[in-house]
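In case you want the letters, here they are:
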Amino acid sequence: DAKTTQPTSMDCAEGRAANLPCNHSTISGNEYVYWYRQIHSQGPQYIIHGLKNNETNEMASLIITEDRKSSTLILPHATLRDTAVYYCIVRVDLEAGNMLTFGGGTRLMVKP
Amino acid sequence: GAVVSQHPSWVICKSGTSVKIECRSLDFQATTMFWYRQFPKQSLMLMATSNEGSKATYEQGVEKDKFLINHASLTLSTLTVTSAHPEDSSFYICSARDPRTSGGATQYFGPGTRLTVL
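What comes next concerns the included structure.

The rules behind these values
The residue numbering used here restarts from 1 in each chain and proceeds along that chain's sequence as written. Chains carry letters from A onward and ligands carry numbers from 1 onward, assigned in written order. Selection of residues for local features in this predicted model requires a pLDDT of at least 70, selection of side-chain atom pairs for listing and counting requires 80 or more, and totals for whole chains, interfaces and linings are taken over all residues. With hydrogens and water excluded, all non-hydrogen atoms of the structure serve as input to the side-chain values. Runs of E in the DSSP output that reach at least two residues are strands. Runs of H or I that reach at least four are helices, and both are numbered from the N terminus. Summary of the burial criterion: residues with accessible area below 20% of their type's maximum are buried, those above 50% are exposed, and those between are partly exposed, where the area comes from a 1.4 Å probe applied to protein chains only. The definition of a polar contact used here is a pair of N or O atoms within 3.5 Å, where within protein one atom must be able to donate a hydrogen and the other to accept one, and adjacent residues in sequence count solely through side-chain atom pairs. Should any heavy atoms of two residues lie within 4.5 Å, those residues are considered in contact. Only the six-membered ring of Trp is used, alongside the rings of Phe and Tyr, when aromatic pairs are assigned; centres must lie within 6.5 Å, and planes under 30 degrees apart are stacked while those over 60 apart are edge-to-face, with the rest tilted. Only Lys NZ and Arg CZ are tested; either one counts as a charge over a ring when it is within 6 Å of the ring centre and within 35 degrees of the ring normal.

## Some thoughts on the side chain of Gln38(B)
Working step 1: Mapped onto the elements, Gln38(B) comes out in strand E4 (residues 32-38).
Working step 2: For Gln38(B), a relative accessible area of 11% corresponds to the buried category.
Working step 3: Reaching out from Gln38(B), the side chain makes a polar contact with the backbone oxygen of Gln42(B) at a distance of 2.9 Å.
Working step 4: Leaving out residues up to four positions away in the same chain, Gln38(B) has contacts with Gln38(A), Tyr87(A), Ser43(B), Leu44(B), Ser90(B), Phe91(B) and Ile93(B).

## Some remarks on unusual backbone geometry
Working step 1: The omega angle of the peptide bond from His7(B) to Pro8(B) is 0 degrees, so this bond is cis rather than trans.
Working step 2: By secondary structure assignment, the location of Pro8(B) is in the loop between strand E1 (4-7) and strand E2 (10-13).
Working step 3: A positive phi angle, near 65 degrees, is found at Arg68(A), a position not held by glycine.
Working step 4: Within the secondary structure layout, Arg68(A) lies in the loop between strand E6 (61-64) and strand E7 (70-75).
Working step 5: You will see that Ser83(B), though not glycine, has its phi angle at about 45 degrees, which is positive.
Working step 6: Along the chain, the position of Ser83(B) falls in the loop between strand E8 (76-81) and strand E9 (90-98).

## Digging into the packing of aromatic side chains
Working step 1: Summed over the entire model, instances satisfying the criterion amount to twelve aromatic pairs over all chains.
Working step 2: Residues Phe102(A) and Phe109(B) carry aromatic rings whose centres are separated by 5.6 Å and whose planes lie at 80 degrees to one another, so their mutual orientation is edge-to-face. Here Phe109(B) lies in strand E10 (residues 106-109) and Phe102(A) lies in the loop between strand E8 (84-92) and strand E9 (106-111), a pairing that spans two chains.
Working step 3: On the accessibility criterion, Phe109(B) (9% relative accessible area) is buried.
Working step 4: A ring pair is formed by Phe67(B) and Tyr92(B), whose centres lie 6.4 Å apart and whose planes are at 40 degrees; its orientation type is tilted. One end of the pair, Phe67(B), is in strand E7 (residues 67-73); the other, Tyr92(B), is in strand E9, with 25 residues separating them in the sequence. The burial state of Phe67(B) is the same as that of Tyr92(B); both residues are buried.
Working step 5: Here the aromatic cluster, defined as three or more aromatic residues joined through ring pairs, consists of Tyr32(A), Tyr34(A), Tyr36(A), Tyr46(A), Tyr87(A), Phe102(A), Phe28(B), Tyr36(B), Tyr108(B) and Phe109(B).
Working step 6: The aromatic ring of Tyr34(A) is capped on one face by Arg91(A), whose charged end is 4.8 Å from the ring centroid.
Working step 7: Taking NZ or CZ as reference, Lys66(B) lies 6.0 Å from the ring centre of Phe67(B), over its face.

Below, the structure written as structure tokens:
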């Protein structure tokens, strides 16, 4: 699976949009981009994933560049409860046995 | 999203005892489950991949005789830490692959089990 690079930490004001970048310059054509987050002392929570097109769900939006070498996770209106470590992972989706490999992630601090 | 549960959420045990952790997929069938371990201020590290009806696949450096994994049904996998020692104290997290999702393999995680060995 391709390696990802994320900033170690970011701050965001409550109510503002949080834009979390991720570089994955070696991504292959069949690799998906996944985003998870982990709130302190909890298991990771799935947020969103995409292959080529931008994606949006009730939690966030995922913007993938045309060359697919980078992506941005957008939390449109960050709240204090969005304070967490956010992981960007690229992975080939196969039928079986393909686990997620976690890097260091971005520690997002949402401030009042 | 799909729901994965773990039990217990925390456990304290004496050194030398064994501890069993259960992981269940509540609203989907999971042929593949994964066990991770997380030490303080570190990222998740994969321990093993658990496949229903077959032996688990362990990552390099993980002792299969110490961390026994059983995936007896499509909704349940168990991790037993045998002869636990203080260095096994950690946050253990399971995940299950939901085959219904686009791309075939979004993983959903349980809430984790904090093990403290005295």
